[in-house]
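Structural overview
One-letter residues, chain by chain:
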Amino acid sequence: MSTILTGAAVAEHNSKESCWVIVHGKAYDVTDFLEEHPGGSRIILRYAGKDATKAFEPVHPPDTLNTYLDPAKHLGNVNMQTVQQEESEDPEQSLIKERIQNMPPLQACYNLMDFETVAREVMRKTSWAYYSSGADDEITMRENHSAFHKIWFRPRILVDVEQIDISTTMLGSKVSIPFYVTATALGKLGHPEGEVVLTKAAHQHNVIQMIPTLASCSFDEIVDARQGDQVQWLQLYVNKDRNITQRIVAHAEKRGCKALFITASGGTAVDRSQGAARAISSFIDPSLSWKDIPWFKSITTMPILLKGIQSVDDIFRAIDAGVDGVVISNHGGRQLDTTPSAIEILAEAAPALRARGLEGRIEIYIDGGIRRATDILKALCLGAKGVGIGRPFLYAMSAYGVNGVNHAMQLLKDEMEMGMRLIGASHIKDLNASLLDTRSLQGGHSGAVPVDNLSLGVYDSLQGPRFSEKSKL
Ligand code: HEM
Ligand SMILES: Cc1cc2nc3c(=O)[nH]c(=O)nc-3n(C[C@H](O)[C@H](O)[C@H](O)COP(=O)(O)O)c2cc1C
């Protein structure tokens, strides 16, 4: 029979000699774990004898304690009515509350960049840093967006565009517009309900959601939030322990996920959030290689796609390995800085695939920097089946919740319809490379890019180290 602990009993263990903490109404003895904690012992000791849920939840995937903390240290349930609530004054939270009261109405957001402007003001600094930052000098992160400006349209006139149909299929599923909500970890940093907010909006607009392995909500919560015949895919970080990986994949298949996207990545680079990103890296197996693909094929009947392809050669290799598709992606500029944008690699890949008779052999997706429907159009003209969008939906969710994400998706749909009409294409199948001028890409990185004031205005530029207030005197 399990014991119910009181707040007072837990509070007695408030030192490094004996450290208990409460998370989600359960007590844990973390005394021996203190030195092992990847975030350091100090951060846990701050909550010794207390309820640590608020600090713990947004930065640890839901099953962290079960996976990493010895079951003998799980002490049992706590009667939360007996736990003293901290009357902590949080100056940041008060400031955020004030800003929320003065927030622009949702209808004042006219494009995806506008959500970023609002989110920056109403999010906690550390959460904003985790979502918005990229690796090193953020050159790739910014290039992801600006690369689209090197490509110009060659619109056709006098095409009948009275009826526009922007629907398409992705891996056999019908969708209303060729984008999906890509996997982004730690949704609760932006919104207390986390990823299920994205699930609801994706349903509203009939677009696919890719569920991240390291979501803040549990996998089952996100699947349970699905409505009707809504389609979800699973993004997989491959765990060092392949039994854990196999369990995750089998469970996703059983719960109706329609595809498996394996993130091919050596980890998450350190970023301005200094913490959350490293928390993620500790769950990823850097020894994953092409040799593992047959094993994945043996454990699932879901289509397998590789997410994170960054060269044309690796697209060929993926085809040889027999996967069903790839996502060309540099992970939103969060990993190796100065890798090229996905759209640029796609432009290079399309003719190379055609030359080898491999065009259409697998489905190709891209993500990174897609902020306008014109970006989606360019990707489709170059042969992508669809695109993934990450940060803009996180910002819309953080600022305005589900209504914000709905509005962001609607804006993209409106832009897409207008873009198709103006380019002279009534159906997705009409989009092709002849509608684009990609000559600026041939100059590699030397081609001039038009200045994008909206994007630059919202860009949170990197800062050098600052002197303390005192040293100014
Ligand atoms: C109940 C016990 C725990 C508490 C109270 C706790 C609390 C925290 C807090 C407050 C942070 C700082 C987040 C930030 O930088 O903003 C953190 C970071 C982190 N935690 Fe925990 N944690 C606990 C258990 C665990 C466990 C079991 C793991 C599993 C390995 C873990 C892995 C991490 C990692 C990887 C980081 C990021 C470290 C860094 O790079 O700075 N934590 N933790
Ligand atoms: C906050 C954040 C968290 C992310 N977490 C993951 C993840 O857990 N797994 C993954 O495969 N990709 C992850 N990504 C990368 C995205 O899936 C995607 O490649 C990228 O966000 C696309 O760029 P965009 O944000 O400019 O649209 C993350 C991106 C962001 C911004």
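Bear in mind the structure is a predicted one, so any value in this text is a computation, not a measurement.

This brings us to the environment of Lys188. Inspection of the secondary structure puts Lys188 in the loop between strand 7 (179-181) and helix 9 (196-205). In this structure the C-alpha to C-alpha distance between Lys188 and Gly390, which are 202 residues apart in sequence, comes to 15 Å. Apart from the residues lying within four places of it in its own chain, the contact partners of Lys188 are Glu57, Pro58, Tyr131, Glu193, Gly194, Ser216 and Cys217.

Structurally, Glu415 is set in helix 17 (residues 391-423). In terms of polar contacts, Glu415 uses its side chain to reach the backbone amide nitrogen of Ala373, at 2.9 Å. Aside from chain neighbours lying at most four places away, what touches Glu415 is Tyr110, Asn111, Arg372 and Ala373.

A few words on the site of ligand 2. In the vicinity of ligand 2 there are 22 residues, among which Ala183, Thr263, Lys307, Asp367 and Arg371 approach most closely. In the environment of ligand 2, an oxygen atom lies 3.4 Å from a nitrogen or oxygen atom belonging to the side chain of Ser329. Of all elements in the fold, only helix 7 (125-132) and helix 17 reach the threshold of two or more residues within the shell around ligand 2. The class makeup of the residues in the shell around ligand 2 is seven nonpolar, 10 polar and five charged.

This part covers the pairing of strand 8 (residues 208-211). Judged by which residues are buried, strand 8 turns out to be covered on both faces: Ile208 and Met210 on one side and Gln209 and Ile211 on the other are all buried. As defined by bridge partners, strand 7 adjoins strand 8 across two bridges and the pair is classed as parallel. Residue Val181 lies in a different strand from strand 8, and its bridge partner there is Gln209. What joins strand 7 to strand 8 is helix 9, and the crossover it makes is right-handed. Note: strand 8 against strand 9 (residues 232-236), three bridges, orientation parallel. Counted as the bridge partner of Met210 is Trp233 from strand 9. With helix 10 (residues 219-224) bridging strand 8 and the parallel strand 9, this β-α-β connection has right-handed handedness.

Bringing the domain arrangement of the protein chain into the picture now. Structurally, the protein chain comprises domain 1 (7-82) and domain 2 (114-458). The C-alpha-based centres of domain 1 and domain 2 are spaced at 36 Å. The partner domain 2 presents 14 residues to the nine residues of domain 1 that form the contact. Here domain 1 packs against domain 2, burying approximately 840 Å² in sum over the two surfaces, 70% of which is carbon and sulfur. Between Lys188 and Glu57 there is a salt bridge whose closest N-O contact spans 3.0 Å.

Take the side chain of Lys188 next. Relative accessible area serves as the criterion here: at 18%, Lys188 is assigned to the buried category. Only 3.0 Å separates the side chain of Lys188 from the side chain of Glu57, close enough to count as a polar contact.

To continue, consider the pattern of salt bridges. Going through the model one piece at a time under the given rule, you end up with 18 salt bridges. Notably, a salt bridge pairs Arg255 with Asp224, separated by 2.9 Å at the nearest N-O pair. Here Asp224 lies in helix 10 and Arg255 lies in the loop between helix 11 (242-254) and strand 10 (260-263), a separation of 31 residues in the sequence. The partly exposed category is assigned to Arg255, whose relative accessible area is 24%. Among the salt bridges present, the one from Asp292 reaches Arg242, with a minimum N-O distance of 3.5 Å. Of the two residues, Asp292 is situated in the loop between helix 12 (276-281) and helix 13 (293-299) and Arg242 in helix 11; the sequence distance between them amounts to 50 residues. Assigned by exposure class, Asp292 and Arg242 land together as buried.

Each value, and the rule that gives it
- Residues numbered from 1 in each chain as written.
- Chains lettered and ligands numbered in written order.
- Predicted model: local features only at pLDDT ≥ 70, side-chain atom pairs only at ≥ 80, totals over all residues.
- Heavy atoms only, no water.
- Helix = DSSP H or I, 4+ residues; strand = E, 2+ residues; numbered from the N terminus.
- Contact = heavy atoms within 4.5 Å.
- Polar contact = N/O pair within 3.5 Å; in protein donor to acceptor, adjacent residues only side chain to side chain.
- Near = heavy atom within 4 Å.
- Nonpolar A, V, L, I, M, F, W, Y, C, P; charged D, E, K, R; others polar.
- Buried < 20%, exposed > 50% of the residue type's maximum accessible area, 1.4 Å probe, protein only.
- Pairing = 2+ DSSP bridges.
- Right-handed = clockwise from strand over helix to strand, strands pointing away.
- Domains from an automatic or database assignment.
- Buried area = accessible area lost by both parts, 1.4 Å probe.
- Salt bridge = Lys/Arg side-chain N within 4 Å of Asp/Glu carboxyl O.

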